[in-house]
Amino acid sequence: MVTAMIEVKGLRKAFGDHVVLDGIDLSVPSGAIFALIGPNGAGKTTLIHILSTLVAPDSGSVRVAGHDVITDKEGVKQSISLTGQFAAVDEVLTAEENLRMMGRLCGLTAAEARRRAIELLASFDLTAAAHKRVKTYSGGMRRRLDLALSLVVTRPILFLDEPTTGLDTQSRRALWNDIRQLAAKGVTVFLTTQYLEEADQLADAIAVIAGGRVVAQGTADELKSRVGGDVVELRDENDEIIREVPTGSSIREVKMTIDELVRAAPEGSRVNIRRPSMEDVFVALTTKELEESAI
Amino acid sequence: MNSLIKPAKSASFASTNAVFIGRSIRHSVRNTEALVMAIALPIMLMLLFTYVFGGAIQPGGHYVNYVVPGIILLCAGFGSSSTAVDVAGDMTNGIIDRFRTMPISSMSVIVGHVIASLVRNLVATAVVIGVALLVGFRTTAGIMEWLAAVGVITLFILTFTWLYAAIGLVAGSPSAASGYGFALLFLPYLSSAFVPTDTMPTWLRGVADNQPITPVIETIRGLLTGTPISDVAWWAVGWCMLILVGSYIWASWAFNRKAGRR
Ligand SMILES: Nc1ncnc2c1ncn2[C@@H]1O[C@H](COP(=O)(O)OP(=O)(O)OP(=O)(O)O)[C@@H](O)[C@H]1O
Ligand SMILES: [Mg+2]
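Residues numbered from 1 in each chain as written. Chains lettered and ligands numbered in written order. Predicted model: local features only at pLDDT ≥ 70, side-chain atom pairs only at ≥ 80, totals over all residues. Heavy atoms only, no water.

- Identification of chain B as Transport permease protein from Cohnella kolymensis is taken from an unreviewed UniProt entry.
- Of chain B, the UniProt comment under Sequence similarities (unreviewed entry) reads exactly: "Belongs to the ABC-2 integral membrane protein family." (UniProt positions renumbered as here; feature names shortened; annotations may be inferred.)

- As annotated in an unreviewed UniProt entry, chain A carries the name ABC transporter ATP-binding protein and is attributed to Cohnella kolymensis.
- Of chain A, the UniProt comment under Subcellular location (unreviewed entry) reads exactly: "Cell membrane".
- Per UniProt, the comment on chain A under Sequence similarities (unreviewed entry) is "Belongs to the ABC transporter superfamily. Drug exporter-1 (DrugE1) (TC 3.A.1.105) family."

Quick look at the structure:
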C-alpha cells in the first residue's frame with residue numbers, strides 16, 4: 001500500500017533555456033485534497049503535465065501512485081484521471097456522446113456507459129442540453145462536461161487544472177461538494193487554482209510555487225501563521241479599503257503602523273485590524289520570491 | 001482503500017479502435033459541407049472532363065473511357081486530403097491530452113480518422129463509377145478485374161490517407177495542414193491521368209512516367225478497359241506499399257514527438 005500517492009523529488013524542467021521548474025519537492029498523501037497555487041506562468045500546468053505523463057521531466061524523481069512517470073507510464077495512466085486547464089471535449093459530438101465515448105474507452109460496456117452518461121449529465125446539470133452538439137455550449141457548460149468526462153470512472157488520483165475557472169457560484173459550490181465526496185471515498189485530488197478562497201476552503205494541504213520552487217507548503221492555517229502578524233486596513237468613509245499594511249502581532253508594532261497611516265489618512269477614514277487572509281499569504285510569499293530572483 | 005477506486009480496467013485494443021472509428025465516422029457525417037464536396041466534386045470533374053475538355057483532347061468521343069481512372073484517383077486524393085485537416089484539428093484541441101493520459105492506445109485516434117476516410121472515399125468512388133457509366137464509360141472488366149481494381153483503389157486511398165495523416169500531425173494548425181495537403185493534389189495532373197505521357201515534353205515525361213500515380217492509373221485503366229498492364233501493376237503496388245509504410249512510420253514518430261505540446 002502506497003502512503004504517498006504523489007512523490008516528487010528534485011524535479012526540474014526547462015523549455016529551451018527557460019527554466020520553469022527548478023527543484024520541486026512535493027508529497028501528497030493518499031485521500032488528500034492538495035491545492036497548488038502560484039502566479040501565472042509559475043509552472044502549475046507544466047507540473048500537472050509531468051505528473052500525468054504528458055511531458056517528460058528533465059531531472060528528478062516523480063512517482064505517481066507508486067509508478068515512475070518515465071519508466072512506467074502505463075501504470076501511472078491506469079491510476080489517474082485528468083481535467084486540463086483548457087476544455088478537452090469533442091465539439092462535434094453531443095454531451096451524451098462524449099460521455100458514452102469516454103465510458104467505452106474506460107472499459108465500460110455500451111449499456112454501462114449509457115447509464116453512467118445519464119447519471120453524470122444529471123449531476124452536472126446538463127440533462128437539458130444532453131443531445132445538443134457541444135459546439136453550441138456556453139463556456140461554463142463546456143467546463144462542466146469537461147469535468148464530468150474525468151469522472152466517468154473513479155481512479156485513485158484526480159488531477160484538476162483550474163477546475164472552477166469560468167464556473168458560476170452555484171456550479172463552483174457543487175463541484176467543491178463533489179471533490180469533497182471523492183476525497184471522502186479515498187480519491188486523492190490534486191488541483192490548481194487562482195482562487196485562494198478555494199484552496200482555503202477545500203484543501204488539506206497547499207503548496208505555493210513561484211520562481212520554479214515551492215516557496216511554502218502546509219495547511220491553510222500553517223501558511224497564514226507563516227506570514228505572522230496581523231493586517232491593518234485603512235478604510236475611507238464609504239468603507240472602501242484604501243490601503244492594507246501587513247504588520248507584526250504585538251501591540252507596539254500595530255500602533256507604529258497605525259501612527260504611520262495617520263499621517264497619510266484622509267479625513268473620515270477608519271482602521272480595522274484583522275488576521276491575514278490567504279491572499280496576504282500569497283502576495284507576501286510570491287513577491288518575496290520574485291524580489292529574490294530579481295537580485 | 002475503497003474497492004471503488006482500484007486502478008482502472010480499460011478498453012481492449014479492438015474496442016478502442018472501434019470507438020475511434022465510430023467517432024470519426026460521426027464527424028464525417030456531421031461535416032455536411034465536406035461530405036457534399038466529396039461527392040459533388042467527382043461528379044463535376046467527370047462532367048467537366050467528358051463534355052468540356054473531352055472533345056478537344058480526343059475528338060472521337062471516347063475520352064471518357066480514357067479519363068475515368070484518372071478521375072477516380074483525383075477524387076481519392078482530394079477526399080483523403082481532409083484527413084490532414086481532421087488530424088491537425090484533433091492535435092490542436094485539448095482532447096488529445098485526455099486520450100494520451102488514458103491507459104489506451106491513443107494512436108487509435110488517428111486510425112479512426114484513416115478508416116473513416118477510407119469509407120468516405122470508397123463511397124465517393126462508387127459514385128464516380130456510377131456517374132461514369134451514365135455518361136458513356138464502357139468497361140471490359142469481369143468480376144475478377146473489378147475486385148482487383150477495387151483492391152488497388154483501396155490500397156491507394158489507404159496510402160494517401162496515411163500520408164495526409166502524417167502531414168496533419170506535423171502541421172502546426174488545421175489551415176497549415178490544408179495548405180501542405182493542397183500541394184500533393186497536383187500529382188495526378190503530372191501523370192498519365194488526363195493525357196498519355198508521350199504527348200508531354202521529354203523532361204516532363206520523365207517525371208510523369210516515374211512518379212507513383214502513373215502506374216496506379218495504368219493498372220486501373222488496364223483492369224477496367226483492357227489496355228496492356230504488364231509489370232505496371234507491381235510498380236503500382238510497390239509504390240503504394242513503400243509510401244504507406246513510410247507514412248505510417250512518419251505518423252507514429254510525429255504522434256509520439258508531439259506529446260504534451262500544442
Ligand atoms: N511547450 C512549451 N514550450 C515552451 N514553453 C512552455 C511550454 N509550456 C509552458 N511553457 C512556459 O512555461 C511557463 C509555465 O507555464 P505553465 O502553463 O505551466 O504556467 P501556469 O502556472 O499553469 O500558468 P497559468 O496560471 O497562467 O495557467 C510559461 O512561461 C510558459 O510560457
Ligand atoms: Mg496553467
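1. Some thoughts on unusual backbone geometry
Residue and element names in this part refer to chain A.
Then, in step 1: With a phi angle near 50 degrees, E162 is a residue other than glycine that sits in the positive phi range.
Then, in step 2: Examined against the element boundaries, E162 turns out to sit in the loop between β7 (157-161) and α6 (169-185).
Then, in step 3: One non-glycine residue, D239, adopts positive backbone phi at about 70 degrees.
Then, in step 4: Counting through the fold element by element, D239 comes out in the loop between β11 (231-235) and β12 (241-246).
Then, in step 5: By relative accessible area, which is 37% here, D239 ends up partly exposed. (Helix = DSSP H or I, 4+ residues; strand = E, 2+ residues; numbered from the N terminus. Buried < 20%, exposed > 50% of the residue type's maximum accessible area, 1.4 Å probe, protein only.)

2. Observations concerning the interface of chain B and chain A
Then, in step 1: Across the boundary between the two partners, chain B contributes 30 residues, which contact 38 residues of chain A.
Then, in step 2: With both sides pooled, the region where chain B packs onto chain A buries about 3100 Å², and carbon together with sulfur makes up 61% of that total.
Then, in step 3: Here chain B is connected to chain A by 4 salt bridges.
Then, in step 4: Put simply, E97 of chain A and R26 of chain B hold a salt bridge, and the shortest N to O gap is 3.2 Å.
Then, in step 5: Counting every contact that joins chain B to chain A gives 10 residue pairs in polar contact (both at pLDDT 80 or more).
Then, in step 6: Secondary-structure elements contributing two or more residues to the side of chain B that touches chain A are α1 (13-30) and α4 (95-100) of chain B.
Then, in step 7: Its residues assigned to classes, the side of chain B that touches chain A comprises 14 nonpolar, 8 polar and 8 charged. (Contact = heavy atoms within 4.5 Å. Buried area = accessible area lost by both parts, 1.4 Å probe. Salt bridge = Lys/Arg side-chain N within 4 Å of Asp/Glu carboxyl O. Polar contact = N/O pair within 3.5 Å; in protein donor to acceptor, adjacent residues only side chain to side chain. Nonpolar A, V, L, I, M, F, W, Y, C, P; charged D, E, K, R; others polar.)

3. Some words on the UniProt feature "transmembrane region" (unreviewed entry) in chain B
Then, in step 1: What UniProt calls "transmembrane region" (unreviewed entry) maps, in this numbering, to residues 34-54, 66-88, 109-137, 143-165, 177-195 and 232-255 of chain B.
Then, in step 2: As annotated, residues 34-54 of chain B comprises 100% helix and 0% strand, and the C-alpha atoms at either end are separated by 28 Å.

4. Some remarks on the side chain of S52 of chain A
Then, in step 1: Structurally, the position occupied by S52 of chain A is in the loop between α1 (44-51) and β4 (59-64).
Then, in step 2: Looking at S52 of chain A, its side chain comes within polar contact range of the main-chain oxygen of I48 of chain A, at 2.8 Å.

5. Some words on the pairing of strand β3 (residues 33-37) of chain A
Each regular strand displays side chains that alternate between the two surfaces of the sheet.
Residue and element names in this part refer to chain A.
Then, in step 1: Counting buried positions along β3 gives 5 out of 5 residues, so the element sits mostly inside the fold.
Then, in step 2: Every second residue of β3 is oriented toward a common face, with I33, A35 and I37 on one face and F34 and L36 on the other, all of them buried.
Then, in step 3: With 4 bridges joining them, β3 and strand β8 (residues 188-192) adopt parallel strand pairing. Its bridge partner lying in β8, A35 is registered against L191.
Then, in step 4: Sheet topology places β3 next to strand β9 (residues 205-210); 4 bridges connect them, and they run parallel. (Pairing = 2+ DSSP bridges.)

6. A few points about the coordination of the magnesium ion (ligand 2)
All names here are of chain A.
Then, in step 1: The magnesium ion (ligand 2) binds to the protein through T45 (OG1) and Q85 (OE1), with metal-donor distances spanning 1.9 to 2.1 Å. Of this pair, T45 sits in helix α1 while Q85 sits in the loop between β6 (80-83) and α3 (95-105), placing them 40 residues apart in sequence.
Then, in step 2: On the basis of relative accessible area, T45 is assigned to the partly exposed category, the value being 22%. (Donors = N, O, S within 2.8 Å, 3.2 Å for Na, K, Ca; no water.)

7. Brief notes about the packing of aromatic side chains
All names here are of chain B.
Then, in step 1: According to the stated counting rule, one finds 9 aromatic pairs over all chains in the structure shown.
Then, in step 2: Note on F20 and F99: the rings are 4.9 Å apart at their centroids and 80 degrees apart in plane angle, and the pair reads as edge-to-face. Remark: F99 occurs in helix α4 and F20 occurs in helix α1; sequence separation between them is 79 residues.
Then, in step 3: For F20, a relative accessible area of 0% puts it in the buried group.
Then, in step 4: When its relative accessible area of 0% is taken as the criterion, F99 is described as buried.
Then, in step 5: Between W162 and Y248, the aromatic rings sit 5.0 Å apart at their centres with planes inclined by 80 degrees, giving edge-to-face as the arrangement. (Phe/Tyr/Trp six-rings, centres within 6.5 Å; stacked < 30°, edge-to-face > 60°.)

8. Looking at the nonpolar core
Then, in step 1: Counting 126 residues, the largest nonpolar core has L99 and I206 of chain A together with I71, F99 and I110 of chain B as its most contacted members.
Then, in step 2: The leading source of residues in this core is helix α3 (residues 63-92) of chain B, at 15 residues.
Then, in step 3: Residues from two domains meet in this core; each of domain 1 (4-224) and domain 2 (226-294) of chain A gives at least three.
Then, in step 4: Setting aside residues up to four positions removed in sequence, I206 of chain A forms contacts with A35, I37, A199, D200, A216, Q217, G218, A220, L223 and M278 of chain A.
Then, in step 5: Core analysis: the second largest hydrophobic core is formed by 32 residues, A32, V76, L82 and A207 of chain A among them. (Core = buried A, V, L, I, M, F, W, Y, C linked by side-chain atoms within 4.5 Å. Domains from an automatic or database assignment.)

9. Quick word on the sheet that holds strand β1 (residues 4-15) of chain A
All names here are of chain A.
Then, in step 1: Across the sheet, 4 strands lie side by side as β2-β1-β4-β5; this open sheet has antiparallel pairing. The sheet is open, and its two edges are formed by β2 (18-29) and β5 (67-68), each paired on a single side.
Then, in step 2: Here α1 sits on the sheet in contact with β1, β2 and β4, set at roughly 120 degrees to β1. (Axes fitted to C-alpha atoms, helices over the stretch in contact; angles between N-to-C directions.)

10. Concerning the sheet that holds β9 of chain A
All names here are of chain A.
Then, in step 1: The strand order across the open sheet built from 6 strands is β6-β7-β8-β3-β9-β10, with neighbouring strands paired in mixed fashion. Only two strands of the sheet have a single neighbouring strand rather than two, namely β6 and β10 (213-218). Taken pair by pair, the neighbouring strands of this sheet meet at an average axis angle of 15 degrees, ignoring direction.
Then, in step 2: Pairing geometry for β9 and β10, over 5 bridges, is antiparallel.

11. Quick word on the site of ligand 1
Residue and element names in this part refer to chain A.
Then, in step 1: The environment of ligand 1 is formed by 14 residues, the closest being G41, K44, T45, T46 and Q85.
Then, in step 2: The separation between an oxygen atom of ligand 1 and a polar main-chain atom of A42 is 3.2 Å.
Then, in step 3: At a separation of 2.9 Å, an oxygen atom of ligand 1 approaches a polar side-chain atom of Q85.
Then, in step 4: Calculation on ligand 1 without its partners gives an accessible area of 640 Å², and the protein chains cover 64% of this total. (Near = heavy atom within 4 Å. Areas by Shrake-Rupley, 256 points an atom, 1.4 Å probe, with all protein chains shown as cover.)

12. Brief notes about the pattern of salt bridges
Then, in step 1: Enumeration according to the criterion identifies 22 salt bridges over all chains in this entry.
Then, in step 2: E97 of chain A serves as the salt-bridge partner of R30 of chain B, at 2.8 Å between the closest nitrogen and oxygen. Remark: E97 of chain A occurs in helix α3 and R30 of chain B occurs in helix α1; the pair is interchain, linking two chains.
Then, in step 3: Residue classification places R30 of chain B among the partly exposed residues on the basis of a relative accessible area of 22%.
Then, in step 4: For R263 of chain A, the salt bridge is made with E260 of chain A, and the minimal N-O distance between the two is 3.6 Å.

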